[in-house]
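# Topology and contacts: notes
Here is what each chain is made of, one letter per residue.
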Amino acid sequence: MRDALVAAAFQLFPERGYEQTTIDDIVTLAGVGRRSFFRYFPSKEDVVFPDHERCLADMTAFLAAGGDDEEPVRRVCDAARLVLRMYAENPTFSVQRYRLTKKVPGLRAYELSVVWRYERALAEYLRRRFAGHRDGTLQADVIAAAVVAAHNNALRSWLRSDGQDDASATVDHALAYVQSAFGGTPVPPAREQPEDVVVVVSRRDAPLWRVVQEIESTLGRG
């Protein structure tokens, strides 16, 4: 039923336009009731992106399954490839959705919110991996944004080719930039600088100014 609703929606959108197509139109063509629609999709926008919730769950599980010995930048790049795999499973549908999203500002805004959720999942994983490291949160957020930007640049290039180019090669090429820039051993924790300890031997009856002078001289400030 879920697939039938998606198929009905994408049959109507090119014919009538996204804004003009109602949920009633979709359920009528699919041969189900309105209640069935809302059992699968909270809104009409969600029927355009039916697979992102599953993909986000897969990405989160993939990141959680990674061991502490795995290089974190490589891990998030591999997680981003799960999104590519989702698009590549049905190139015709992906290209059709891309064309529709370009025409409808509301769908572009919705898509940006979906992309932000992917980025947040990557950043949260990296924050855990970089916890306790110098600028760990900053590093995690920058790398997550770079991974998403590189992946989306390659994905849009593939979609503009109507799904004819090699999607995997295009995304691998883009993510290689991220790994070359940020990959490798994470920044080590910042070490605290040892405090200077100065021992001054002075006469009991020496004036305070003399003691201070001797301390400054020892520290090289005199």
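Everything below is about the structure printed above this text.
### Quick look at the overall build of the protein
- Per the secondary structure count, the protein includes 11 helices and 0 strands.
- For the protein, the succession of helices and strands along the chain, N to C, is α-α-α-α-α-α-α-α-α-α-α.
- Across the 222 residues in the protein, those meeting the buried criterion constitute 37%.
- Taking the intrachain contacts of the protein between residues at least 6 apart in sequence as the baseline, contacts between residues at least 24 apart amount to 66%.

### As for the layout of surface pockets
- Put simply, the largest pocket is a space of about 440 Å³.
- If you go around the largest pocket, you meet 24 residues; those closest to its centre are Y87, E111, V115, N152 and R156.
- Put simply, the parts of the chain that give the lining of the largest pocket at least two residues each are α5 (52-64), α6 (72-89), α7 (91-103), α8 (105-129) and α9 (136-160).
- Looking at the lining of the largest pocket residue by residue, the classes come out as 14 nonpolar, 5 polar and 5 charged.

### A short note on helix α10 (residues 167-182)
- Across its 16 residues, α10 extends 23 Å between first and last C-alpha, which sits within 8% of the 22 Å expected from 1.5 Å per residue.
- What α10 keeps buried is the set A167, V171, A174, L175, V178 and Q179.
- Between the side-chain oxygen of the N-cap and the backbone nitrogen of S168 there are 3.2 Å, and the N-cap of α10 in question is D166.

### Considerations on the nonpolar core
- One finds M59, V76, Y118, L122, L126 and V147 to be the most contacted residues of the largest nonpolar core, which totals 39 residues.
- Those elements giving two or more residues to this core turn out to be α5, α6, α7, α8, α9 and α10.
- Not counting residues up to four positions away in its chain, the partners in contact with V147 are V76, C77, A80, L122, L175 and V178.
- Among the nonpolar cores identified, the runner-up in size contains 21 residues, and F10, L12, F41 and V48 belong to it.

### Some details on the packing of aromatic side chains
- By the definition in use, this model includes 6 aromatic pairs.
- Plain terms: the ring middles of F37 and F38 are 5.3 Å apart, the flat faces sit at 80° to each other, and that makes the pair edge-to-face.
- Classification of F37 as buried rests on a relative accessible area of 0%.
- You can call F38 partly exposed: its relative accessible area is 38%.
- Among the aromatic residues, ring-to-ring pairing joins F10, F13, Y18 and F93 into one connected group.
- Note that K44 overlies the ring of Y18, its terminal NZ or CZ placed 4.3 Å from the centroid.
- For R75, the ring lying beneath its charged end belongs to F62, and the centroid distance is 3.7 Å.

### Details of the side chain of R129
- Checked against the element boundaries, R129 lands in helix α8.
- No salt bridge is formed by the buried R129; its nearest oppositely charged neighbour, D68, is found at 4.3 Å.
- Of the polar contacts made by the side chain of R129, one reaches the side chain of Y125; its length is 2.8 Å.

### Describing the packing of α6 against α9
- One way to put it is that α6 packs onto α9 with a least axis distance of 10 Å and a crossing angle of 30°. The angle between α6 and α9 places the two elements in the roughly parallel class. Here α6 and α9 pass one another in a crossing that is right-handed. In this structure, α6 contributes V73, V76, C77, A80, V83, L84, Y87 and A88 to the contact, and α9 contributes I143, V147, H151, L155 and W158.

### Concerning α6
- The first and last C-alpha atoms of α6 sit 26 Å apart over 18 residues, in line with the 26 Å expected at 1.5 Å per residue.
- Within the sequence span of α6, burial applies to P72, V73, R75, V76, C77, A79, A80, L82, V83, L84, M86 and Y87.

Cut-offs applied
- Residues numbered from 1 in each chain as written.
- Predicted model: local features only at pLDDT ≥ 70, side-chain atom pairs only at ≥ 80, totals over all residues.
- Heavy atoms only, no water.
- Helix = DSSP H or I, 4+ residues; strand = E, 2+ residues; numbered from the N terminus.
- Buried < 20%, exposed > 50% of the residue type's maximum accessible area, 1.4 Å probe, protein only.
- Contact = heavy atoms within 4.5 Å.
- 1 Å grid on protein atoms, 1.4 Å probe; cavity = no way out; pocket = protein on both sides within 12 Å on 5 of 7 lines; lining within 4 Å.
- Points joined across faces, edges and corners; volume = space filled by probe spheres on them.
- Nonpolar A, V, L, I, M, F, W, Y, C, P; charged D, E, K, R; others polar.
- Expected span 1.5 Å × (residues − 1).
- Polar contact = N/O pair within 3.5 Å; in protein donor to acceptor, adjacent residues only side chain to side chain.
- Core = buried A, V, L, I, M, F, W, Y, C linked by side-chain atoms within 4.5 Å.
- Phe/Tyr/Trp six-rings, centres within 6.5 Å; stacked < 30°, edge-to-face > 60°.
- Lys NZ or Arg CZ within 6 Å of the ring centre and 35° of its normal.
- Lys, Arg positive; Asp, Glu negative; His and termini not counted.
- Salt bridge = Lys/Arg side-chain N within 4 Å of Asp/Glu carboxyl O.
- Axes fitted to C-alpha atoms, helices over the stretch in contact; angles between N-to-C directions.
- Parallel < 35°, antiparallel > 145°, perpendicular 65-115°, else oblique.
- Left-handed = near helix turned anticlockwise from the far one by under 90°.

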